[in-house]
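The primary structure of each chain is shown beneath.
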Amino acid sequence: MLDIKYILANQEEYAGMLKNRKHDFDLGILSGLDAKRRKIIGETEDLKAKRNEGSKRIGMAKNDPSLDVPAMKAEIKAMGDKIKELDTELAQVEEELHTHLMTLPNKLSATTPIGNDENDNPVVRTWGEPKKFDFEPKPHWDIAEALGIMDFEKGVMLAQSRFTVLQGLGARMERALVNFMLDLHTKEHGYLEVEPPFMVRSAILEGTGQLPKFAEDLYKLQNDDLWLIPTAEVPLTNLNRESILEEKDLPKYYTAYTPCFRREAGSAGRDVRGLMRQHQFDKVEMVKICTPETSYDELEKLTSNAEDVLKILNLPYHVVNLCSGDIGFGSCKTYDLEVWLPSQNKYREISSCSNCEDFQARRMNLRYRPSDGSRPRFVHTLNGSGIAVGRTLIAIIENYQNEDGSITIPEALVPYMNGLTRIDLR
RNA sequence: GGAGACGUGGCCGAGUGGUCGAAGGCGGUUGACUCGAAAUCAACUGAGCGGCUUGCCGUUCCUAGAGUUCGAAUCUCUACGUCUCCGCCA
């Protein structure tokens, strides 16, 4: 959510951003509602001041027989009725305003390029070189099925399409990757490991921006106000909501492993085979809470923390800067990490690192008190995958495949696999 | 799931219908004293919103929502949470 004052004071600038995001909205609606709101507040507060004064007088006068207390009461009661009326009207206006503000996307960073779609995302840097195979590299589903480490049919049998069963060394490597990533972020990058709830209430999802707009992407429990989390960003970012942190306690770095649940509405037909796009997948997430002055430096560091995972696993990747037409609703600036997949002969998303500035902080009411003791300010929040575990498994299987159908285990992962160096056909 | 108790500011804790944004303490900031923020003393010390003469005025907030009343931290109802006992369970 953005500050209504910012929007009204910078209508042209923000309207331009909306256009670049391809979000159609007439900002004039907001100024009308805001003017109405101020008018009602003026009237109702005026009446409340009079009522408070009158009630106080009754309290002091009730033992004085020369005063007509019933008449005073009647007069103030009329005021009370009028106040109730105005307050109801005010609540309606504020709700309408709030609904608009909650469905408007974030600002864009000056360093976010303008563009239409993913084809306009500039490559910021490239690391490693795609390996040359002297045989035709296979897609991960063929390799994994032959090795008996993934069973796609059983996933469908137990749940529905876009669910997969990992077993044996496939399940083992998934767990190894989670441990490897968490160890890296906690020991080398200074993050606090958290195990959050995998279900959260509606207000929590409003805090990070998934609600109210994107309910169709989420799984909702039938009998409770609880939703399955689509990413650990949601519980981690909300950990300190509705509070005022001390500047000396910032920045805060959190990391968590969680499963993520997404309905994938609107992606029918895309990545239908394999583990690429699942309704349930594992992810290690990183979240930062920091001051406005440091958030863009923190974004660079966060992104490099995610890149380290790929570097250590020796997986070629590049970093792209998401353009205005592709960037997410709540983000001002996003770097996507895309890993090389030999079977597709292209780079595919494996991590997304975003600076949301104070967009989520406003929705969560998360502030900090500057160390000079001045008024509380909203924090900036950042999040990034560190990284998507299932897609890392795909990248390892494809990049480390051998001609005989076996997979070499990346050196850094060997200790997490009980010393195992290869997965062979049985 | 059943029964009972409770939910007050950063923390602890008074307050059972008016003068209460709320005693007192702790914590914090500043000043005095001092070689020295060790002790002592003094003052200050919540947030949101609205207005304008930008420092003040007004208003709202005592878990949340609704109600009674001229007036609610205080009374009523509901929800949520915490604690204790019982039941159940990993």
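Trainee: Go over the sheet that holds strand 14 (residues 377–378) with me, naming the residues and quoting the values.
Mentor: One open sheet holds the 3 strands; their spatial order is 7-13-14, and the pairing between them is mixed. Strands with a single pairing partner mark the edges of an open sheet, and in this sheet they are strand 7 (243–246) and strand 14. Where strand 13 (residues 366–369) meets strand 14, 2 bridges bridge the pair, whose relative direction is antiparallel. Residue Y368 lies in a different strand from strand 14, and its bridge partner there is R377.

Trainee: Go over the sheet that holds strand 12 (residues 346–355) with me, naming the residues and quoting the values.
Mentor: With mixed pairing, the 8 strands of this open sheet are ordered in space as 1-10-11-12-15-9-8-4. Either end of the sheet is taken by a strand with one partner, and the two such strands are strand 1 (123–127) and strand 4 (192–193). Where strand 9 (residues 280–290) and strand 15 (residues 380–388) come together, 7 bridges link them in antiparallel fashion. When the bridges of strand 15 are listed, E285 appears paired with S385.

Trainee: How would you explain the side chain of N402 if you had to name every residue and give the values?
Mentor: Along the polypeptide, N402 turns up in the loop between helix 12 (389–399) and strand 16 (407–408). Contacts of N402, omitting those with residues within four sequence positions, involve F135, I407, T408 and R422.

Trainee: Break down the environment of R377 for me, citing the residues and quoting the values.
Mentor: Relative to the helices and strands, R377 resides in strand 14. Overall, R377 belongs to the partly exposed group, its relative accessible area being 33%. Residues R377 and H23, spaced 354 residues apart in sequence, show a C-alpha to C-alpha distance of 28 Å. When neighbours within four sequence positions are excluded, R377 is seen to be in contact with P292, E293, R367, Y368 and P370. Among the polar contacts listed, one links the side chain of R377 to the side chain of E293, at a separation of 3.1 Å.

The rules behind these values
- Residue indices follow the written sequence of each chain, beginning from 1 at its first position.
- As they are written, the chains are lettered A onward and the ligands numbered 1 onward, keeping that order.
- It should be noted that, the model being predicted, local features are given only for residues of pLDDT at least 70 and side-chain atom pairs only at 80 or more, the latter also being counted only at that level, while totals for whole chains, interfaces and linings use all residues.
- Side-chain numbers here rest on the full set of heavy atoms in the structure, without hydrogens or water.
- In this description, strands pair whenever DSSP reports at least two bridges between them.
- Helix and strand assignments follow DSSP, with helices taken as H or I runs no shorter than four residues and strands as E runs no shorter than two, numbered in order from the N terminus.
- Only heavy atoms matter for contacts: two residues are in contact if any of them lie within 4.5 Å across the pair.
- Buried means the residue's accessible area, taken with a 1.4 Å probe over protein chains only, is under 20% of the maximum for its type, while exposed means over 50%, and partly exposed covers the values in between.
- Polar contact criterion, stated in full: a pair of N or O atoms within 3.5 Å, where within protein one must be able to donate a hydrogen and the other to accept it, and residues adjacent in sequence count only if both atoms are side-chain atoms.

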